[in-house]
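Read off the chains here:
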Amino acid sequence: MGGTHNSEPEPYPALRVRALESLLIEKGLLSSDVVDKLVAIYENDVGPMNGARVVARAWVDSAYKQRLLADGAAAIAELGFGGRGGGDKLVAVENTPTVHNLVVCTLCSCYPWPVLGLPPNWYKMPAYRSRAVLEPRTLLREFGLELPESVEVRVWDSSAEVRYLVLPERPAGTGHLGEAELARLVTRDAMIGVARVTAAAPAR
Ligand SMILES: [Co+2]
């Protein structure tokens, strides 16, 4: 809890995108439907692919994983991610058979955008922001993730200073896959903590 939220400046690329979007719609070159589709692609695929590469590297390289858990910002910088506006501190939290991590920003929508891109709309909704804290198991069930009572749920409240990235469990049956193939299995939702990674590749 604590830290700054609403005072967080919009990242420079976001401002540029917004300006371009307004101009293109005004000139009739683009419809807002098309913009919505592009935003959806960025939320679901392009943005989270950075995080997916981080997760896949951690799965195949235990030394990298240790560095990621020790200093997330430095470890993502090794892969070329990060930069201004992403927060000084990125904390990777590891799921295990007995611990499940869930990320929220209770006050607004702080999000680790250098690794996940734009937050999905539901992440910004008051219902998600409050229920993630008050009744995380019920919320996760609605996302389709049923956790046994034996699994401890840890909820991490993001701020402008500290962002969180969930390091999901590597799914069983993926021992033969290389890093690039593993990265294709990792979804945005799994890195927020509302889903698991499964051995079947998600539809992109
Ligand atoms: Co916030």
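The structure we're discussing is the one just above.
Presented here is an overview of the structure given in this document. This structure is a prediction, so every number in the text was calculated from the model and none was measured.

Details of the overall build of the protein
Working step 1: Scanning the protein for helices and strands turns up 10 helices and four strands.
Working step 2: Reading the protein from its N terminus to its C terminus gives the helix and strand order α-α-α-α-β-β-α-α-α-α-β-β-α-α.
Working step 3: Per-residue burial over the protein gives 39% buried out of 204 residues.
Working step 4: Within the protein, contacts between residues separated by at least 24 positions form 70% of all contacts whose residues are at least 6 apart in sequence.
Working step 5: Split by element, the accessible area of the protein, about 10600 Å² in all, is 57% carbon and sulfur.

Quick look at the pattern of salt bridges
Working step 1: With the rule as written, the count across this model stands at nine salt bridges.
Working step 2: One salt bridge in this structure joins glutamate 135 and arginine 131, with 2.4 Å as the shortest N-O distance.
Working step 3: Looking at glutamate 135, the relative accessible area reads 30%, which means it is partly exposed.
Working step 4: Taken together, the shared-partner salt bridges in this structure form one network comprising Arg131, Glu135 and Glu142.

Overview of the nonpolar core
Working step 1: By size, the foremost hydrophobic cluster in this structure holds 47 residues, and its most contacted members are Val54, Leu68, Val115, Tyr128 and Ile192.
Working step 2: With six residues, helix α2 (residues 32–60) is the largest single contributor of residues to this core.
Working step 3: Dropping the residues within four chain positions of it, valine 54 is found in contact with Tyr64, Leu68, Ile76, Leu79, Phe81, Val115 and Leu165.

A look at the pairing of strand β4 (residues 162–167)
Working step 1: Among the six residues that make up β4, five are buried, leaving the element largely enclosed by the rest of the structure.
Working step 2: Strand direction decides the pairing type here: strand β1 (residues 89–94) and β4, joined by six bridges, are parallel. Residue pairing in the sheet places lysine 89 in a bridge with valine 162 of β4.

Structural notes on a nonpolar patch on the surface
Working step 1: Together, Leu20, Leu24 and Leu29 give the surface a local cluster of nonpolar side chains, amounting to about 280 Å² of exposed area.
Working step 2: As for its position among the elements, leucine 29 is in the loop between α1 (12–26) and α2.

Topic: the environment of leucine 79
Working step 1: Position of leucine 79 among the secondary structure elements: in the loop between α4 (72–78) and β1.
Working step 2: Taking relative accessible area as the criterion, leucine 79 reaches 13% and is therefore assigned buried.
Working step 3: If sequence neighbours within four positions are ignored, leucine 79 has contacts with Arg53, Val54, Arg57 and Tyr64.

Side note on the packing of aromatic side chains
Working step 1: Applying the stated criterion across every chain, the model contains seven aromatic pairs.
Working step 2: With 5.7 Å between their ring centres and 35° between their planes, tyrosine 123 and tyrosine 128 make a pair best called tilted. Tyrosine 128 matches tyrosine 123 in its accessibility class, with the two residues each being buried.
Working step 3: The structure contains a cluster of three or more aromatic residues connected by ring pairs, namely Tyr111, Trp122, Tyr123, Tyr128 and Phe143.
Working step 4: For arginine 57, the ring lying beneath its charged end belongs to tyrosine 64, and the centroid distance is 5.8 Å.

A look at the side chain of threonine 106
Working step 1: Following the sequence through the fold, threonine 106 ends up in the loop between β2 (99–104) and α5 (113–116).
Working step 2: A distance of 2.6 Å separates the side chain of threonine 106 from the side chain of aspartate 157, its partner in a polar contact.

Here we look at the side chain of aspartate 157
Working step 1: Within the secondary structure layout, aspartate 157 lies in strand β3 (residues 152–157).
Working step 2: No salt bridge is formed by the buried aspartate 157; its nearest oppositely charged neighbour, arginine 129, is found at 8.1 Å.

Things to note about the environment of tyrosine 64
Working step 1: With respect to the secondary-structure elements, tyrosine 64 resides in helix α3 (residues 62–70).
Working step 2: Considered as a pair, tyrosine 64 and isoleucine 76 are 12 residues apart in the sequence and their alpha carbons are 9.9 Å apart.
Working step 3: For tyrosine 64, the contacting residues outside a window of four places in its chain are Val54, Arg57, Ala58, Ala75, Ile76, Glu78 and Leu79.

Parameters and conventions
- Residues numbered from 1 in each chain as written.
- Predicted model: local features only at pLDDT ≥ 70, side-chain atom pairs only at ≥ 80, totals over all residues.
- Heavy atoms only, no water.
- Helix = DSSP H or I, 4+ residues; strand = E, 2+ residues; numbered from the N terminus.
- Buried < 20%, exposed > 50% of the residue type's maximum accessible area, 1.4 Å probe, protein only.
- Contact = heavy atoms within 4.5 Å.
- Areas by Shrake-Rupley, 256 points an atom, 1.4 Å probe, with all protein chains shown as cover.
- Salt bridge = Lys/Arg side-chain N within 4 Å of Asp/Glu carboxyl O.
- Core = buried A, V, L, I, M, F, W, Y, C linked by side-chain atoms within 4.5 Å.
- Pairing = 2+ DSSP bridges.
- Patch = residues over 30% accessible without salt bridge, like charges linked within 9 Å, V, L, I, M, F, W, Y side chains within 5 Å.
- Phe/Tyr/Trp six-rings, centres within 6.5 Å; stacked < 30°, edge-to-face > 60°.
- Lys NZ or Arg CZ within 6 Å of the ring centre and 35° of its normal.
- Polar contact = N/O pair within 3.5 Å; in protein donor to acceptor, adjacent residues only side chain to side chain.
- Lys, Arg positive; Asp, Glu negative; His and termini not counted.

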